[in-house]
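# Observations on the model geometry
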Amino acid sequence: MTNIYMTGVNGRIGKKLAEQGVKPLYCDVRDLEMVDNTVSEVMPNIIVHLAGKTNVDYCEKKENEEDVIRTNFLGVDNVASVAEKYGATFVLLSSDHVFSGKRWLPWHTYNEKSSPLPVNFYGLTKLAAEGLRKLYPNFKIVRTSYLFDKERLDATLGQSYPSFIHRSFMYFPHFISNFMLYLNQIDKMPDILHITGSETVSWYKLMGEYLGDTDILHHDKDISTEAPRPHRAGLTTRYPDLLPQYSYKD
Ligand SMILES: NC(=O)c1ccc[n+]([C@@H]2O[C@H](COP(=O)([O-])OP(=O)(O)OC[C@H]3O[C@@H](n4cnc5c(N)ncnc54)[C@H](OP(=O)(O)O)[C@@H]3O)[C@@H](O)[C@H]2O)c1
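Thresholds, definitions, all that
Residues numbered from 1 in each chain as written. Predicted model: local features only at pLDDT ≥ 70, side-chain atom pairs only at ≥ 80, totals over all residues. Heavy atoms only, no water. Salt bridge = Lys/Arg side-chain N within 4 Å of Asp/Glu carboxyl O. Helix = DSSP H or I, 4+ residues; strand = E, 2+ residues; numbered from the N terminus. Buried < 20%, exposed > 50% of the residue type's maximum accessible area, 1.4 Å probe, protein only. Contact = heavy atoms within 4.5 Å. Axes fitted to C-alpha atoms, helices over the stretch in contact; angles between N-to-C directions. Left-handed = near helix turned anticlockwise from the far one by under 90°. Nonpolar A, V, L, I, M, F, W, Y, C, P; charged D, E, K, R; others polar. Near = heavy atom within 4 Å. Polar contact = N/O pair within 3.5 Å; in protein donor to acceptor, adjacent residues only side chain to side chain. Areas by Shrake-Rupley, 256 points an atom, 1.4 Å probe, with all protein chains shown as cover.

Scanning the entire structure with this criterion turns up 14 salt bridges. Lys85 serves as the salt-bridge partner of Asp36, at 2.6 Å between the closest nitrogen and oxygen. One end of the pair, Asp36, is in helix H2 (residues 32–42); the other, Lys85, is in helix H4 (residues 65–85), with 49 residues separating them in the sequence. In this structure Lys85 comes out as exposed when scored by relative accessible area, which is 55%. In this structure, a network of salt bridges that share partners links the residues Asp28, Arg30, Lys53 and Asp67.

The next thing to look at is the environment of His174. Relative to the assigned elements, His174 resides in helix H7 (residues 172–184). Taking relative accessible area as the criterion, His174 reaches 13% and is therefore assigned buried. Between the alpha carbons of His174 and Tyr248 there is a distance of 9.4 Å; along the sequence they are 74 residues apart. Setting aside anything within four residues of it in sequence, one finds His174 in contact with Tyr246 and Asp250.

Attention now moves to the packing of H2 against H4. Following both chains from N to C, one finds H2 and H4 inclined at 40 degrees, their axes separated by 9 Å at the closest point. For the pair H2 and H4, the crossing hand works out as right-handed. Residues Leu32, Val35, Asp36 and Val39 of H2 touch H4, and the partners they reach there are Asn78, Val79, Ser81, Val82 and Lys85. Taken together, the residues that form the contact of H2 with H4 break down as five nonpolar, two polar and two charged.

We now examine the site of the ligand. Near the ligand lie 24 residues; those nearest to it are Arg12, Ile13, Thr54, Tyr122 and Lys126. Within the side chain of Asp28, a nitrogen or oxygen atom sits 2.9 Å from a nitrogen atom of the ligand. Here the ligand has 890 Å² of accessible area as a free molecule, and 78% of this is covered by the chains. Of all elements in the fold, only helix H1 (12–19), strand S4 (89–95) and helix H5 (121–131) reach the threshold of two or more residues within the shell around the ligand. At three residues, S4 tops the list of elements feeding residues into the shell around the ligand. Along the lines of polarity and charge, the residues of the shell around the ligand split into nine nonpolar, 10 polar and five charged.

Structure follows, in structure tokens:
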């Protein structure tokens, strides 16, 4: 039985993977010694790295820069180096925020071979962390887009929704079932894989369909107080036959 562990256990994805039997690594990923001690006690075959600063507006603030670099970049280096030391495969959860979202035409989508170019600091730290793959054998990357469930969508109610920000939204249970399939066949998986919704739509369209309401509030410009977002950042995959494909509509 493969021994699968994860960092970032109390986050949105971590809580759901725990229900599937992925076990927790309780450590501050910024502390190499703590990471080493925690991993050496359990000797995983696979480490899924979820820990990170994920609030895009928090990451953009100058006063948080050091914290974000220490967590999203050096933290990845710490866990990946310890994974290598103990012979574990390391899986980094990354994001469509590594792409600029400046593609002009809807069919110019981002697949695993597309060139990244982040437009915000969160995306930059995720891309820097992805770059560590060149240093470590057994370093794999899974990118996804916005994962949603009722709880996460309901938390946004009352806001206005951007009509110009597009994502390949994926229903959380679909991501979790596909990610577990991915982990169970990890040796067959490419070094970079997009596990994402098969259709890219705007926030406005998603929420309009969710609420059955075309009169929901929307805006068509970035909000100036927030970090820039990639506008058309949805992902596609070059490997659609590896895992079941789901649209947000499913
Ligand atoms: N959910 C999505 O839609 C989505 C989409 C694309 C990519 N991703 C990527 O997937 C990963 C997990 O996402 P998520 O939605 O589960 O994020 P999340 O809910 O923000 O969880 C991240 C977890 O990391 C922990 N953490 C932060 N700093 C840490 C440190 N120094 N040491 C150990 N743990 C630390 C956080 O703990 P505290 O809360 O205690 O700080 C939190 O439990 C992230 O790397 C994110 O970039 C997620």
